[in-house]
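Close look at the chain arrangement
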Amino acid sequence: MDLPMKAWVIAHNGAPAKALSLRTVSAPRPPRRAEVLVRVTHAALNPADHAYLKVIPSWLPNRWGAATGLDFAGEVVAAGPDVPAGSPVGKGAKVCGALSVPLVFWGAGSLAEYVTVPAALVVPQPEGWGGARSAGGFGVASQTAHIMVKAAGGRGRLGPGARVMVIGASGGVGSVLVQVASNLGAEVVGVCSAGNHEMVQKLGAAEMVDYTAHNPLPKHLAQEYGSRQFDFIFDCVGSHHIYVGSPAYLKPEGAFINIAGDPANAIGIMAGLFLPRFLGGVPRRYKMLALSPSGDNAREVAKWVQDGLLKEILIDSEYSMDDAVKVSL
Ligand SMILES: NC(=O)c1ccc[n+]([C@@H]2O[C@H](COP(=O)([O-])OP(=O)(O)OC[C@H]3O[C@@H](n4cnc5c(N)ncnc54)[C@H](OP(=O)(O)O)[C@@H]3O)[C@@H](O)[C@H]2O)c1
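Presented here is an overview of the structure given in this document. Bear in mind that the values here come from a model prediction, so they are computed numbers and not experimental data.

Conventions adopted
- Throughout, a residue's number is its position along its own chain's written sequence, starting from 1.
- A pLDDT threshold of at least 70 governs which residues receive local features in this predicted model, and a stricter bar of 80 or more applies before side-chain atom pairs are shown or counted, although totals over entire chains, interfaces and linings include all residues.
- To get the side-chain values, take all heavy atoms of the structure and skip hydrogens and water.
- In this text, helices come from DSSP runs of H or I with a minimum length of four residues, and strands from runs of E with a minimum of two, each type numbered from the N-terminal end.
- Here, residues are in contact when the closest pair of their heavy atoms is within 4.5 Å.
- Each residue gets one of three labels from its accessible area relative to the maximum for its type: buried under 20%, exposed over 50%, partly exposed in between, using a 1.4 Å probe on protein chains only.
- The arc refers to the directions leading from the helix axis to the C-beta atoms.
- Only heavy atoms are used to decide nearness, and a residue is near a molecule or strand if one of them lies within 4 Å of it.
- In protein, a polar contact requires one atom able to donate a hydrogen and another able to accept it; more generally it is a pair of N or O atoms within 3.5 Å, and residues adjacent in sequence count only if both atoms are side-chain atoms.
- For the accessible areas, the method is Shrake-Rupley and the probe is 1.4 Å, while residue cover comes only from the protein chains on display.
- Each residue receives one of three labels: charged for Asp, Glu, Lys and Arg, nonpolar for Ala, Val, Leu, Ile, Met, Phe, Trp, Tyr, Cys and Pro, and polar for the others, Gly being one of them.
- The angle between two axes is taken between their N-to-C directions and runs from 0 to 180 degrees, where each axis is a line fitted to C-alpha atoms and a helix contributes only its stretch in contact.
- Between 65 and 115 degrees an angle is taken as roughly perpendicular, under 35 as roughly parallel, over 145 as roughly antiparallel, and anywhere else as oblique.
- If you view the pair so one helix is near and one far, a crossing is left-handed when the near helix is turned anticlockwise from the far one by less than a right angle, and right-handed when it is turned clockwise.
- What we call a nonpolar core is a set of buried Ala, Val, Leu, Ile, Met, Phe, Trp, Tyr and Cys residues that are connected through their side-chain atoms within 4.5 Å.
- Residue ranges for the domains originate in an automatic or database domain assignment.

What follows deals with the side chain of Ser110. Within the secondary structure layout, Ser110 lies in the loop between helix H3 (101-105) and strand E6 (114-118). When residues no more than four places from it in sequence are discounted, the contact partners of Ser110 are Val40, Ala43, Thr68, Gly69, Leu70, Asp71, Phe72, Leu99 and Val115.

Right, dumping it as structure tokens:
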């Protein structure tokens with residue numbers, strides 16, 4: 001493609017307003033083999049995007065002038081020769097997904113008018129979802145929820161009778177977990193601030209805990225749930241103290257599944273992963289997960305949508321491309 005395009009590129013380290021600059025850059029090369037060129041209509045941002053802007057130094061050669069952003073939705077405007085005619089993600093298809101980390105690392109982020117990606121990375125947008133919902137619903141948050149459910153042993157472990165706690169239930173990842181687990185039949189307790197309780201209950205949570213109202217929170221959880229222990233605790237916040245106290249409210253055969261590693265808790269996380277019980281390790285299984293966005297994950301999310309397990313994608317606000325830096329994460 002010869003045309004230039006607009007993209008938000010990294011100019012400094014820091015929060016989006018400081019780090020990003022809207023520039024005219026070269027559009028991606030035409031798709032080769034089994035690639036597709038997508039005209040991006042919507043991008044969704046995650047805490048990971050913010051961390052990438054703040055933490056990775058801008059003097060690295062791959063970052064200078066690189067477009068950022070992982071999640072996207074849009075329309076396929078050109079397809080490589082190996083994308084079969086009539087493919088559901090071929091030319092003209094409305095698609096969505098999350099870019100792989102290497103693509104973003106080398107500057108092909110989704111805060112741009114076009115991206116060239118492997119066709120296997122994208123899935124068709126669900127009927128009637130539109131671009132905003134699809135960008136938010138098939139990207140990092142839902143794909144992370146998928147790997148958490150997989151780490152719990154899959155859908156079969158979250159059916160009727162299962163008891164699940166979701167910490168950070170009102171967030172991008174937590175709101176998906178609440179829906180999927182409750183629609184599978186599990187009894188879900190959500191943890192977030194009181195102002196979001198009603199919203200999370202509408203998504204399917206049976207009970208809510210306000211983490212701001214109880215100090216220390218593990219003591220409250222022990223009192224409230226000691227006789228109704230959980231099979232799984234999904235931690236989308238990095239609540240190491242809740243893991244440490246978990247023998248009082250997580251079944252011995254249960255698992256604590258965490259995605260948010262606060263660097264301040266690095267030692268605690270390593271202890272959770274490696275410290276044996278006889279040396280004082282917490283006697284509960286601990287899993288720390290890291291997402292690698294992929295088309296396979298997006299297709300698993302598509303199955304949740306097809307099966308009616310994932311229906312709502314929380315959209316707080318939408319901005320035009322020119323105003324993208326006004327997004328607060
Ligand atoms: N490991 C990975 O591969 C991976 C992938 C995706 C995300 N993450 C990480 O996972 C975390 C969640 O991501 P997200 O996209 O869901 O973020 P998010 O949309 O910002 O949601 C976080 C939620 O946590 C709630 N919260 C804040 N402090 C809390 C606390 N002490 N106890 C309970 N809830 C609390 C907030 O709700 P209230 O306002 O209601 O309190 C907020 O809605 C982030 O740290 C992100 O970096 C990791």
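What follows covers helix H10 (residues 266-274). For H10, the set of buried residues is Gly268, Ile269 and Gly272. Down the axis of H10, the sector holding all buried residues measures 100°, keeping them to one side. Opposite the packed face of H10, turned more than 90 degrees from it, sit the exposed residues Ile267 and Phe274.

Here the focus is the site of the ligand. Around the ligand, the surrounding shell holds 21 residues, and the nearest of these are Ser170, Ser193, Asn196, Tyr211 and Leu291. At a separation of 2.9 Å, a nitrogen atom of the ligand approaches a polar backbone atom of Leu289. Look at the ligand: alone it shows 920 Å² of surface, and the protein chains cover 70% of it. Among the secondary structure elements, those contributing two or more residues to the shell around the ligand are helix H5 (140-151), helix H6 (172-184) and strand E9 (187-192). The residue makeup of the shell around the ligand, split by class, is 14 nonpolar, seven polar and no charged.

The contact between H5 and H6 brings their axes to 8 Å, and the two run at 50°. With respect to H6, the element H5 is oriented oblique. For the pair H5 and H6, the sense of crossing is right-handed. Residues Ala141, Ser142, Thr144, Ala145, Met148 and Val149 of H5 form the contact with H6, whose participating residues are Gly172, Val173, Val176 and Leu177. Per-class residue counts for the contact of H5 with H6 are seven nonpolar, three polar and no charged.

In terms of nonpolar packing, the biggest core is built from 47 residues, with Leu158, Leu177, Phe234 and Ile257 touching the most fellow members. Of all the elements in the fold, those that place two or more residues in this core are H5, strand E8 (163-167), H6, E9, helix H7 (197-203), strand E11 (230-235), strand E12 (250-258) and helix H11 (295-306). With seven residues, the top contributor of residues to this core is H6. A domain split of this core shows at least three residues from each of domain 1 (4-139) and domain 2 (142-288). Those residues in contact with Phe234 that sit more than four places away from it in its chain are Met148, Val149, Ala152, Leu158, Val164, Met165, Val166, Ile167, Leu177 and Ile257.

Treat this as a map of the structure, not an account of what it does.
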